[in-house]
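# Breakdown of the fold
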Amino acid sequence: MAAQRDSAPVQGTGRQNRLALISLTSLFFIWGFITCLNDILIPHLKAIFDLSYTQSMLVQFCFFGAYFLVSLPAGHLVKKVGYQKGIVAGLVVAALGCLLFYPAASMHSYPMFLSALFVLASGITILQVSANPYVTLLGPAASASSRLTMTQAFNSLGTTVAPYLGGLFILNEAVNAMASTPSADSVKMPYLILTATLLLLAAIFAWLKLPHIASAEAEADEVITGSAWQYRHLVLGAVGIFVYVGAEVAIGSFMINFFGEANIAGLAESDAAKYLTYYWGGAMVGRFIGAAVMQKIAAGKALAFNGLIAAVLVTLAIVTSGALAMWALLLVGLCNSIMFPTIFSLALNRLGKHTSQGAGILCLAIVGGAIVPLVQGMLADSMGLQLSFILPLLCYGFIVYYGLRGAKVNETLLKEQA
């Protein structure tokens with residue numbers, strides 16, 4: 001009976017599954033958009049509050065730190081209430097976080113901004129724990145990576161659009177305000193709009209009749225034996241998420257400084273920032289391509305291939321100079337495209353009742369986005385910026401290993417659990 005439910009986990013029609021996937025793409029877009037707005041907030045708040053670089057990086061630390069603290073409780077919440085109610089809860093909490101930006105700006109308080117970011121990220125963490133595994137279970141396991149890659153493409157669309165709109169509505173307004181008195185008021189209206197949008201989405205998802213996934217949800221009186229931690233491919237997948245998110249965020253964080261190096265491109269910050277669109281846009285394009293390709297190619301092989309090419313490109317960025325080093329680093333974004341959804345779906349493969357706990361563990365590993373960039377910063381201070389990219393290189397090396405070997409399911413353990 002368990003094997004049958006794993007092979008056909010969703011109690012819904014093909015039309016219901018398609019409607020659910022279409023609805024979920026809006027969530028992936030909105031949390032990608034909100035996450036990438038941090039890149040706009042950092043320089044804005046740094047100028048407003050006269051912060052050091054270390055102090056301004058507390059924005060990312062508080063944001064990604066929420067994943068570490070909230071992911072496991074979020075997994076328990078989803079296990080109890082189900083994926084749909086988990087999505088609604090995540091949207092409401094994220095809306096509260098956006099709303100807190102208004103008093104933070106009115107009080108002109110940086111600690112209040114950090115608190116608002118933590119609440120916002122907590123909501124997005126609950127969304128990740130709910131929506132990512134739900135997408136993997138909306139259909140056959142063989143195409144789970146393809147489905148999650150497609151929805152993640154809309155996440156990348158959000159990260160591509162956010163810098164432009166954030167610069168237009170936050171930074172441009174901030175420049176005008178700074179001409180008179182330093183003020184954080186320019187964030188009020190954008191985040192109030194986000195609050196309203198998130199609450200509207202919460203109402204829609206509370207109303208929608210989404211397919212129920214019985215094989216991955218616990219009944220109220222059901223006793224679940226074992227733990228997601230006993231699955232080797234999940235634990236290694238968590239390491240994969242940690243190093244992938246860390247490498248992606250680190251490269252994006254240091255890219256502007258890297259392009260400003262005299263032996264690379266010697267670009268001013270404002271000019272170098274424009275090239276970030278290629279990095280994040282490459283991830284978006286690659287996810288649309290990857291969703292189609294992985295209908296034909298095994299997810300593990302596709303992951304290993306992308307990891308290998310990313311490692312080669314980072315190596316070129318380390319050992320060469322000029323336009324070659326610059327474009328090699330930019331093209332890493334294209335390779336990053338399928339990594340998160342592929343690692344995530346491979347790690348959750350055949351976890352059954354432990355799926356929600358496994359999703360919480362994987363989202364906990366997103367804290368790599370706070371730790372890896374910090375370590376690379378230390379390396380950059382001690383050995384130079386260009387050589388510091390050896391850390392992302394090592395991260396991609398592990399991803400190659402996971403795609404080839406680490407993602408394989410322990411069949412013996414599955415038989416024991418049956």
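Here goes a summary of the coordinates provided. Keep in mind that what you see is a predicted model, and the values were worked out from it rather than measured. (Residues numbered from 1 in each chain as written. Predicted model: local features only at pLDDT ≥ 70, side-chain atom pairs only at ≥ 80, totals over all residues. Heavy atoms only, no water.)

Glancing now at the overall build of the protein chain. In terms of regular secondary structure, the protein chain is built from 20 helices and 0 strands. Across the protein chain, the fraction of contacts at a sequence separation of at least 24, relative to all contacts at a separation of at least 6, is 85%. Surface exposure of the protein chain reaches about 17500 Å², of which carbon and sulfur atoms provide 67%. (Helix = DSSP H or I, 4+ residues; strand = E, 2+ residues; numbered from the N terminus. Contact = heavy atoms within 4.5 Å. Areas by Shrake-Rupley, 256 points an atom, 1.4 Å probe, with all protein chains shown as cover.)

Before going further, it helps to spend a moment on the environment of Val375. Relative to the helices and strands, Val375 resides in helix H18 (residues 368-383). Here the alpha-carbon distance between Val375 and Ser388, two residues 13 residues apart in the chain, equals 9.1 Å.

A separate point is helix H8 (residues 110-137). Its 28 residues place the ends of H8 41 Å apart at the C-alpha level, agreeing with the 40 Å of an ideal helix rising 1.5 Å per residue. When you tally the buried positions in H8, you get 23 out of 28 residues, the bulk of the element. (Expected span 1.5 Å × (residues − 1). Buried < 20%, exposed > 50% of the residue type's maximum accessible area, 1.4 Å probe, protein only.)

Moving on to the packing of aromatic side chains. Within the structure shown, the criterion is met by 21 aromatic pairs. Members of the aromatic cluster, each reached through a chain of ring pairs, are Phe258, Phe259, Tyr275, Tyr278, Trp327 and Phe389. Positioned over the ring face of Tyr102 is Lys188, at 4.7 Å from the centre of the ring. (Phe/Tyr/Trp six-rings, centres within 6.5 Å; stacked < 30°, edge-to-face > 60°. Lys NZ or Arg CZ within 6 Å of the ring centre and 35° of its normal.)

Right, let's talk about helix H15 (residues 322-336) for a bit. Look at H15: 22 Å from first C-alpha to last across 15 residues, which is about the 21 Å you get at 1.5 Å a residue. The complete set of buried residues in H15 reads Gly322, Ala325, Met326, Ala328, Leu329, Leu330, Val332, Gly333, Cys335 and Asn336. Residues of H15 that are buried in the fold lie against helix H11 (232-260), helix H13 (276-293), helix H14 (299-319), helix H16 (339-348) and helix H19 (390-406).

The backbone phi angle of His108 is positive, close to 50°, even though this residue is not glycine. Relative to the helices and strands, His108 is located in the loop between helix H7 (101-107) and H8. The class of His108 is partly exposed, set by a relative accessible area of 36%.

A cluster of nonpolar side chains, Val285, Ile289, Val293, Ile297, Leu331 and Leu334, forms an exposed patch at the surface whose accessible area comes to about 470 Å². Going through the elements one at a time, H13 and H15 are the ones with two or more residues in the nonpolar patch. A total of 3 residues in the nonpolar patch trace back to one element, the largest contributor, which is H13. By secondary structure assignment, the location of Leu331 is in helix H15. (Patch = residues over 30% accessible without salt bridge, like charges linked within 9 Å, V, L, I, M, F, W, Y side chains within 5 Å. Salt bridge = Lys/Arg side-chain N within 4 Å of Asp/Glu carboxyl O.)

Interaxial distance between H13 and H15 falls to 6 Å at its minimum, and their mutual angle equals 30°. The angle between H13 and H15 places the two elements in the roughly parallel class. H13 and H15 meet at a crossing whose hand is right-handed. Contact with H13, carried on its side by Tyr278, Tyr279, Gly282, Ala283 and Gly286, involves Trp327, Leu329, Leu330, Val332, Gly333, Leu334 and Asn336 of H15 and no other residues of that element. Its residues assigned to classes, the contact of H13 with H15 comprises 8 nonpolar, 4 polar and no charged. (Axes fitted to C-alpha atoms, helices over the stretch in contact; angles between N-to-C directions. Parallel < 35°, antiparallel > 145°, perpendicular 65-115°, else oblique. Left-handed = near helix turned anticlockwise from the far one by under 90°. Nonpolar A, V, L, I, M, F, W, Y, C, P; charged D, E, K, R; others polar.)

What follows concerns the environment of Ala105. Tracing the backbone through its elements, the reader meets Ala105 in helix H7. For Ala105, a relative accessible area of 5% puts it in the buried group. As for Ala105 and Val187, which are separated by 82 residues in sequence, their C-alpha atoms are 7.3 Å apart. Aside from chain neighbours lying at most four places away, what touches Ala105 is Phe113, Ala184, Asp185, Val187 and Lys188.

Our focus in this paragraph is the packing of H11 against helix H17 (residues 355-364). Packing of H11 against H17 brings their axes to within 8 Å, and their N-to-C directions diverge by 30°. Here H17 runs roughly parallel to H11, going by the angle between their axes. By crossing handedness, the relation of H11 to H17 is classed as right-handed. Contact residues: Leu234, Gly237, Ala238 and Ile241 in H11; Gly358, Ile361 and Leu362 in H17. The residue makeup of the contact of H11 with H17, split by class, is 5 nonpolar, 2 polar and no charged.

Tracing the backbone shows Thr35 in helix H2 (residues 14-36). Each C-alpha atom, one on Thr35 and one on Ala162, is 8.7 Å from the other, the two residues being 127 residues apart in sequence. The contact partners of Thr35, leaving out residues within four places of it in the chain, are Phe63 and Ile124. Of note is the side chain of Thr35, whose polar atom sits 2.7 Å from the backbone oxygen of Trp31. (Polar contact = N/O pair within 3.5 Å; in protein donor to acceptor, adjacent residues only side chain to side chain.)

If you trace the backbone, Arg287 turns up in helix H13. Among the polar contacts made by the side chain of Arg287, one reaches the main-chain carbonyl oxygen of Ser337 at a distance of 2.4 Å. In this structure, Arg287 is in contact with Thr149, Gln152, Ala153, Asn155, Ser156, Tyr244, Ser337, Ile338, Phe340 and Pro341, ignoring residues within four places of it in sequence.

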